[in-house]
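Descriptive structure summary
What follows is the residue order along each chain.
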Amino acid sequence: MRGAGVRTNEGDCRVVVVGAGAGGTLVATHLVTALSSRFRVELVDPAPSTGRGQAYSTTDERHLLNVPASGMSAFPRDPEHFLRWLRNHHDPRFQPHDFAPRAVFGRYVESLLTTATEFPGNARLVRRHAEVADVTRADDRFVVELSDGEQLEARAVVLATGSRPGTGWAPPELAADPRLVADPWTQEIPEVGDVLMLGSGLTMVDLAITADRPDRTIHVVSRTDAVPHPHVLPTTPPVPPPPGITRTQDLDTLRATLAAHVEETVAATGDWRAAVDGLRPVTAQLWRGLSEADKRRFITEDARSWDVHRHRMAPATSRRLDAVATVGRLVRHRGTLAAVRADRSALHVTLDDGTTLRVAAVVNCTGPVGTIAADPLLTRLAQSGLVRPGPAGLGIDTADDGRILGTLPDTLPFLAVGSLRRGNLWESTAMPEIREQAYDVARIVARSLHGEARRRPVDPYGLTLSASQDAAELYNAALGRLLRLQDGVEEGLDAAVAADGGFVQAHAALALLGHEWGATTHWRESLRAAHRAASDRHLDDRESSFLDAVTTRLRADEATGAAALLRHVRLFPRDALAVSVTVSTVAFGGLTSGTQTAQLVESLGRSYGDDWWYAGQLAFVRQDQERWGEAEDLASYALSVEPASGHAVHARAHVHYETGDHDAGLAWLDEWIRTRGPEANHRSHFSWHAALHELMQDDVAAVRRRWARELAPSVVSGSRVVVDSGSLLWRGRVTGAWTDDLPVAEVRAQAPAEWLTAPPTPFAAMHSAVLLAADGDATALTGLEAHARQSDDRVFATSSLPCAPGSSRSSRSGGTPPRRR
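Structure report, in brief. (Residues numbered from 1 in each chain as written. Predicted model: local features only at pLDDT ≥ 70, side-chain atom pairs only at ≥ 80, totals over all residues. Heavy atoms only, no water.)

As for the overall build of the protein chain
How we decide: Only DSSP runs of H or I reaching four residues or more are called helices, and only runs of E reaching two or more are called strands; each is numbered from the N terminus. With the radius of gyration taken over C-alpha atoms, the globule rule is written as 2.2 Å times the number of residues to the power 0.38. Note on contacts: a residue pair qualifies if any of its non-hydrogen atoms lie within 4.5 Å across the two residues. Note that accessible areas follow from Shrake-Rupley with a 1.4 Å probe, and for residues the cover is restricted to the protein chains shown. Residues scored as charged are limited to Lys and Arg (positive) and Asp and Glu (negative), so that His and the chain ends carry no count. Positions of charges follow a simple convention, taking NZ of Lys, CZ of Arg, CG of Asp or CD of Glu.
Within the protein chain, the secondary structure is distributed over 35 helices and 18 strands. By the compact-globule yardstick of 28 Å for 821 residues, the protein chain fits well, its C-alpha radius of gyration being 31 Å. Its C-alpha atoms put the protein chain at 105 × 65 × 50 Å along the principal axes. In the protein chain, the share of contacts with a sequence separation of at least 24, taken over all contacts with a separation of at least 6, comes to 66%. Of the accessible surface of the protein chain, which amounts to about 33,900 Å², a share of 51% is contributed by carbon and sulfur atoms. Each charge sign in the protein chain was given a centre, from 88 positive and 102 negative side chains, and these centres are 3 Å apart.

Some thoughts on the environment of V649
Counting through the fold element by element, V649 comes out in helix 26 (residues 646-658). The spacing of V649 and W672 is 23 residues in sequence and 8.4 Å in space, taken between C-alpha atoms. With sequence-adjacent residues up to four places away left out, V649 is seen in contact with L639, W668, L669, W672 and F686.

Side note on empty space enclosed by the protein
Counted only if it meets this: Cavities and pockets were defined on a 1 Å grid built over protein atoms only: a cavity is a set of grid points that admits a 1.4 Å probe from which the probe cannot escape, a pocket is an open set flanked by protein on both sides within 12 Å along at least five of seven lines, and lining residues are those with an atom within 4 Å of any such point. Grid points are joined across faces, edges and corners, and a volume is the space filled by probe spheres set on the points. Residues are grouped as follows: nonpolar covers Ala, Val, Leu, Ile, Met, Phe, Trp, Tyr, Cys and Pro; charged covers Asp, Glu, Lys and Arg; every other residue, Gly included, is treated as polar.
Scanning all chains against the criterion turns up four cavities of 30 Å³ or more. Of the voids in this model, the largest cavity is the one considered here, and its volume is about 60 Å³. Its residues assigned to classes, the lining of the largest cavity shows four nonpolar, five polar and two charged. Estimated volume of the second largest cavity: approximately 50 Å³.

Here's the deal with the sheet that holds strand 6 (residues 151-154)
This is how it is decided: Strand pairing follows a simple DSSP-based rule, namely that at least 2 bridges must link the two strands. Helix axes use the C-alpha atoms of the stretch in contact, all axes being lines fitted to C-alpha atoms, and the angles between their N-to-C directions lie in the range 0 to 180 degrees.
Spatial ordering of the open sheet is given by 4-5-6, a layout of three strands whose pairing is antiparallel. Two strands lie at the open edges of the sheet, namely strand 4 (132-138) and strand 6, each paired on one side alone. On average, each strand axis in the sheet is tilted by 20° relative to the strand beside it, whichever way the strands run. Where strand 5 (residues 141-146) lies against strand 6, four bridges are found, and the strand directions are antiparallel. What sits directly across from E145, in strand 6, is Q151.

With respect to the packing of aromatic side chains
The condition is simple: Ring pairs shown here join Phe, Tyr and Trp side chains whose ring centres sit within 6.5 Å, with only the six-membered ring taken for Trp; geometry is labelled stacked below 30 degrees between planes, edge-to-face above 60, and tilted in between. Any residue under 20% of the maximum accessible area for its type is buried, any over 50% is exposed, and the rest in between are partly exposed; the area is computed with a 1.4 Å probe on protein chains only.
Taken as a whole and assessed by the stated rule, the structure comprises 17 aromatic pairs. With a centroid separation of 4.7 Å and 50° between ring planes, the pair formed by F82 and Y108 is classed as tilted. Of this pair, F82 sits in helix 2 (residues 81-89) while Y108 is found in helix 3 (residues 102-117), placing the two residues 26 residues apart along the sequence. Among the residues examined, F82 registers a relative accessible area of 0% and is labelled buried.

Description of helix 24 (residues 612-624)
Heads up, the condition is: In this analysis, the expected span of each helix is defined as 1.5 Å times one less than the number of residues it contains. Polar contact is the term for a pair of N or O atoms within 3.5 Å; when the atoms are in protein, one must be able to donate a hydrogen and the other to accept it, and sequence-neighboring residues count only if both atoms are side-chain atoms.
Its 13 residues place the ends of helix 24 19 Å apart at the C-alpha level, agreeing with the 18 Å of an ideal helix rising 1.5 Å per residue. Within helix 24 the residues assigned to the buried category are W612, W613, Y614, A615, G616, Q617, L618, A619, F620, V621, R622 and Q623. Those residues of helix 24 that are buried are in contact with helix 15 (469-484), helix 21 (576-582), helix 22 (594-603), helix 23 (605-608), helix 25 (628-641) and helix 26. Capping of helix 24 at its N-terminal end is provided by D611; its side-chain oxygen lies 3.1 Å from the backbone amide nitrogen of W613.

Observations concerning unusual backbone geometry
Glycine aside, negative phi is the norm for most residues, and most peptide bonds take the trans geometry. Of note, the bond from L233 into P234 is cis; its omega dihedral lies within 30 degrees of zero at -5°. Summarising the element assignment, P234 is placed in the loop between strand 11 (218-222) and helix 6 (251-269). One non-glycine residue, D225, lies in positive phi territory at about 55°. Positionally, D225 belongs in the loop between strand 11 and helix 6. Note on D225: relative accessible area 26%, which makes it partly exposed. Look at A392: it is not a glycine, yet its phi comes out positive at around 60°.

Topic: the sheet that holds strand 12 (residues 330-334)
Sheet architecture is open: five strands sit in the order 9-16-10-11-12, paired in parallel fashion. The outermost strands of the open sheet, each flanked by one partner alone, are strand 9 (180-181) and strand 12. Across five bridges, the pairing between strand 11 and strand 12 is parallel. In the strand pairing of strand 12, I218 is matched with L330. Docked against the sheet, helix 5 (residues 202-211) engages strand 10 (195-198), strand 11, strand 12 and strand 16 (361-364), running at close to 170° with respect to strand 10.

Regarding the packing of helix 19 (residues 541-555) against helix 20 (residues 558-571)
For clarity, the threshold we go by: An angle below 35 degrees is treated as roughly parallel, one above 145 as roughly antiparallel, one from 65 to 115 as roughly perpendicular, and anything else as oblique. For a crossing to be left-handed, the near helix must be turned anticlockwise from the far one by less than a right angle; the clockwise case is right-handed.
Close contact between helix 19 and helix 20 brings their axes to 7 Å; oriented N to C, the two are set at 165°. Comparing the axis directions of helix 19 and helix 20 gives the class roughly antiparallel. You can see that helix 19 and helix 20 cross each other, and the crossing is left-handed. On helix 20, the residues touching R542, S545, F546, A549, T552 and R553 of helix 19 are E558, T560, G561, A562, A564, L565 and H568.

Details of the pattern of salt bridges
Should their charged atoms come close, side chains of opposite charge can pair. Defined as follows: The term salt bridge refers to a pairing of a side-chain nitrogen on Lys or Arg with a carboxyl oxygen on Asp or Glu at a separation within 4 Å.
The full count for this structure, using the stated rule, is 58 salt bridges. For R141, the salt bridge goes to E153, with nearest N and O atoms at 3.9 Å. Pair noted here: R141 is in strand 5 and E153 is in strand 6, with a separation of 12 residues, a long-range link. Considered together, R141 and E153 belong to a single accessibility category, that of buried residues. Between E301 and R255 there is a salt bridge whose closest N-O contact spans 2.5 Å. Of the two residues, E301 is situated in helix 9 (residues 292-301) and R255 in helix 6; the sequence distance between them amounts to 46 residues. Residue E301 is classed as partly exposed on the basis of its relative accessible area of 47%. Its relative accessible area of 26% is what places R255 among the partly exposed residues. It is possible to trace a salt-bridge network through shared partners that takes in D252, R255, D294, R297, E301 and D302.

What to know about the nonpolar core
Nonpolar side chains in soluble globular proteins tend to be buried together. We count it as follows: We call a set of buried residues a nonpolar core when its members are Ala, Val, Leu, Ile, Met, Phe, Trp, Tyr or Cys and they connect through side-chain atoms within 4.5 Å of each other.
Grouped together as the largest cluster of nonpolar side chains are 73 residues, with contacts concentrated most on Y475, L493, F503, L512, L577, Y608 and W613. Of all hydrophobic cores here, the second largest spans 47 residues; its members include L65, L113, L415 and A438.

Notes on the packing of helix 27 (residues 662-675) against helix 28 (residues 683-696)
At a minimum axis separation of 9 Å, helix 27 and helix 28 run at an interaxial angle of 150°. One way to sum up the angle between helix 27 and helix 28 is to call them roughly antiparallel. The element helix 27 and its partner helix 28 pack so that their crossing is left-handed. Touching H662, G665, L666, L669, W672 and I673 of helix 27 are F686, S687, H689, A690, H693, E694 and M696, all from helix 28. A per-class count over the contact of helix 27 with helix 28 returns seven nonpolar, five polar and one charged.

Some words on helix 29 (residues 700-711)
With 12 residues, helix 29 extends only 14 Å from end C-alpha to end C-alpha; this falls clearly short of the ideal 16 Å at 1.5 Å per step. Summarising the contacts, the buried residues of helix 29 are in contact with helix 27, helix 28, helix 30 (720-735) and helix 31 (744-750).

Below, the structure written as structure tokens:
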């Protein structure tokens with residue numbers, strides 16, 4: 001095999017990144033930082049600049065990014081990094097909603113690599129201004145051949161070449177004429193004479209602003225005459241996609257679903273942009289769910305409409321373009337080029353509607369061509385089998401983690417970032433996608449160079465688990481039970497750490513859940529075990545952040561610990577276990593409440609899309625907001641995907657009760673308790689909800705039967721005997737439905753002793769007060785109130801007041817008690 005004879009020891013420590021645009025430069029930056037000085041990162045691209053590529057190579061400061069500064073950080077876990085850089089290096093007054101010049105962003109990306117190379121302990125960077133002619137395999141490594149004949153041996157190769165502009169649309173007479181500006185980012189547009197720009201996307205927008213002259217007409221020709229829409233400030237927060245949209249299997253149904261979603265969003269918010277922006281977390285799933293034929297139909301029939309709505313202009317850019325058009329210097333034509341006649345003075349272009357234009361140049365604004373055939377390097381790699389076309393013929397075929405699919409084994413790190421992955425992802429050119437890809441690809445390469453050949457397992461949301469496959473499967477099973485609100489979570493995590501004693505994530509999860517649930521006194525040992533394991537295992541950023549957050553939560557004061565866990569969730573929103581702890585669920589758990597919970601859950605929509613577990617969480621928020629119809633739709637969807645979804649059941653139970661649908665609510669809930677309840681770890685709470693329906697139906701006999709069967713202290717234990725059993729007795733007393741022979745003494749006997757005298761949380765204090773009120777124990781209530789008032793927490797200090805002796809609520813004999821989770 002060609003290249004096998006050039007093997008050197010130097011190749012053991014070399015990585016080659018092909019392409020020095022933004023994506024390749026970010027990959028190189030992460031690699032230089034992640035690897036030690038014995039490694040060499042070679043960044044190969046013939047372009048004179050680094051970090052710019054086509055997107056950021058402009059020198060015109062009027063060319064603005066089409067995303068506000070707040071969304072353009074190069075680092076996934078530091079969303080304000082670009083904004084800070086702007087204020088330090090460009091304009092100290094720059095605001096998050098402002099749009100920076102593209103040229104400035106190019107300097108930003110280049111500066112990141114420069115800074116990374118300044119640390120002597122980091123890997124060495126070699127910037128080669130050359131073209132890569134071929135990549136071949138040489139046993140367990142690669143040989144990268146440059147256009148000048150030099151060969152580089154490497155352990156890993158990353159392709160970040162992007163896509164090149166194509167001119168296959170040009171008639172032969174035009175293709176051979178130097179007045180065709182085939183690549184407007186590397187060729188000059190004439191200063192004099194009218195010009196024709198073929199294509200009406202963002203490239204045209206920027207070039208039209210640059211090419212505008214008082215004595216010039218710019219003709220814009222495109223098949224659809226669709227121009228990118230502008231951003232509108234202030235922006236409307238994204239609206240989550242319709243539940244179940246990712247399970248749509250055909251393009252026609254998807255179109256109808258999206259049209260209805262946009263219509264509903266406009267009716268609710270006045271802005272279609274919120275609907276389109278809310279699709280971002282599910283775009284790749286929607287694309288992958290289409291058949292090959294539907295993907296190609298979408299490209300032909302829908303892609304242009306998608307692009308002009310999804311990839312929008314900065315407001316200032318829109319105003320500049322409008323100004324050129326208003327004075328008649330920009331004329332738009334719907335159609336295509338039918339013929340071109342060239343003479344010495346001009347190009348005479350005929351459009352398919354018969355219009356003839358005399359122009360000094362035709363400027364290619366059609367954008368990059370996404371096929372392998374348009375790139376000589378990819379063509380050679382396809383011929384050798386190292387790459388193959390991506391779905392719908394776009395880019396190259398890649399796995400979810402960026403590994404290139406072809407004839408190479410997984411053990412050889414051959415990866416791609418950026419537009420090369422468009423066939424698998426559809427959206428793969430914007431900075432939010434590029435920064436994640438660059439980080440993930442660099443991490444895979446670094447691990448490979450450190451001897452880690454196998455892929456690490458992941459959790460259901462794609463987060464890395466540094467553990468054995470068997471242990472990861474046990475962890476994921478336990479996580480699934482947690483998300484469904486089922487028993488056996490801690491037992492499952494115990495099994496995971498038994499299978500892999502160095503499983504840091506599982507140890508830390510046991511510590512956190514043990515602490516939050518108060519069901520075990522072993523959380524301190526679990527935390528120590530997590531730190532012992534961390535000292536011997538290379539964790540990824542999420543796992544390290546989780547361990548740090550758990551440690552702070554368990555060792556610091558309440559406010560500091562809560563802030564640490566919430567910060568982790570902001571950085572890693574798809575860490576569902578952490579989210580489960582921060583969000584209040586059954587029984588007012590969690591670190592947030594009220595509007596804070598709603599804001600947190602709503603913000604997670606951009607990360608979870610129409611995931612069933614997230615739909616259940618959002619359903620509960622919606623019912624809290626008294627948006628009953630939305631809550632019911634979300635709960636129904638979640639239950640259609642996962643019938644055991646405890647969060648969705650809880651939300652639906654509230655909807656039935658609060659809307660007075662007691663007959664249907666009781667029938668449905670009873671059936672769910674019968675079939676799914678035995679595994680639910682909050683089954684007594686669902687029984688409590690069913691009993692409320694029976695109370696509202698004045699069926700006291702049924703309430704008593706349910707009490708004996710599902711809520712008596714003989715079948716309920718721990719805190720739930722206070723929370724559910726005790727509060728039902730209180731309901732019976734204050735409504736007058738059950739006042740004689742209340743079995744309060746049995747509940748008090750089974751209640752956690754400290755809850756009735758020194759409860760650990762406001763939630764515990766409130767429910768203990770309810771139980772004592774049900775027993776009519778004024779003395780104990782007075783003592784509980786005195787204990788609560790000693791707390792610095794205002795909620796804690798007033799938690800027992802509604803039930804305190806003398807309060808109207810503690811002594812009333814009728815009416816409907818307040819809502820409760």
